[in-house]
Amino acid sequence: ATDLVLGREVAIKFVTTAKATDPMLTRRLLQEAQAVATLDHPYICPVYEAGLDSLGRPYMVMQYVRGRRDAALQ
């Protein structure tokens, strides 16, 4: 995705199933975001944002890291 405010590519992690509003899954994803946000390591993507979208589904926005597949597509 593209962060329209800062003009950078980002990765978004979210629950895509019908259980996207399951309280346990919401809690787990947001706990993961909190845990990752406390870490600072060159091989761990930083978390930029986490929360619930307008429909109550949890999400986490992270640094986008290009991989080999991305390079092959360009």
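Look up: the structure comes first, before these words.
Residues numbered from 1 in each chain as written. Predicted model: local features only at pLDDT ≥ 70, side-chain atom pairs only at ≥ 80, totals over all residues. Heavy atoms only, no water.

(A) Main features of the side chain of D3. Tracing the chain through its elements places D3 in strand β1 (residues 2–3). Here the side chain of D3 touches L6 through a polar contact of 3.0 Å, landing on its backbone nitrogen. Beyond its immediate stretch of four places on either side in the chain, D3 contacts R8 and V10. (Helix = DSSP H or I, 4+ residues; strand = E, 2+ residues; numbered from the N terminus. Polar contact = N/O pair within 3.5 Å; in protein donor to acceptor, adjacent residues only side chain to side chain. Contact = heavy atoms within 4.5 Å.)

(B) Region of interest: the pairing of strand β4 (residues 58–63). Counting buried positions along β4 yields five of six residues, so the element is predominantly enclosed. In this structure, strand β2 (residues 8–14) lies alongside β4, joined through five bridges in antiparallel fashion. Paired with A11 across the two strands is M62, which belongs to β4. Across five bridges, the pairing between strand β3 (residues 47–52) and β4 is antiparallel. Within β4, the position partnered with G51 by the bridge is Y59. Counting the residues in the hairpin turn of β3 and β4 gives five residues, including G56, whose phi is positive at 85°. (Buried < 20%, exposed > 50% of the residue type's maximum accessible area, 1.4 Å probe, protein only. Pairing = 2+ DSSP bridges.)

(C) Representation of the pairing of β2 within the structure. Direction of pairing for β1 relative to β2: antiparallel, over a ladder of two bridges. Residue pairing across strands places D3 opposite R8, the latter belonging to β2.

(D) Layout of the sheet that holds β2. Sheet architecture is open: four strands sit in the order β1-β2-β4-β3, paired in antiparallel fashion. In this open sheet, the two edge strands, each paired with only one partner strand, are β1 and β3.

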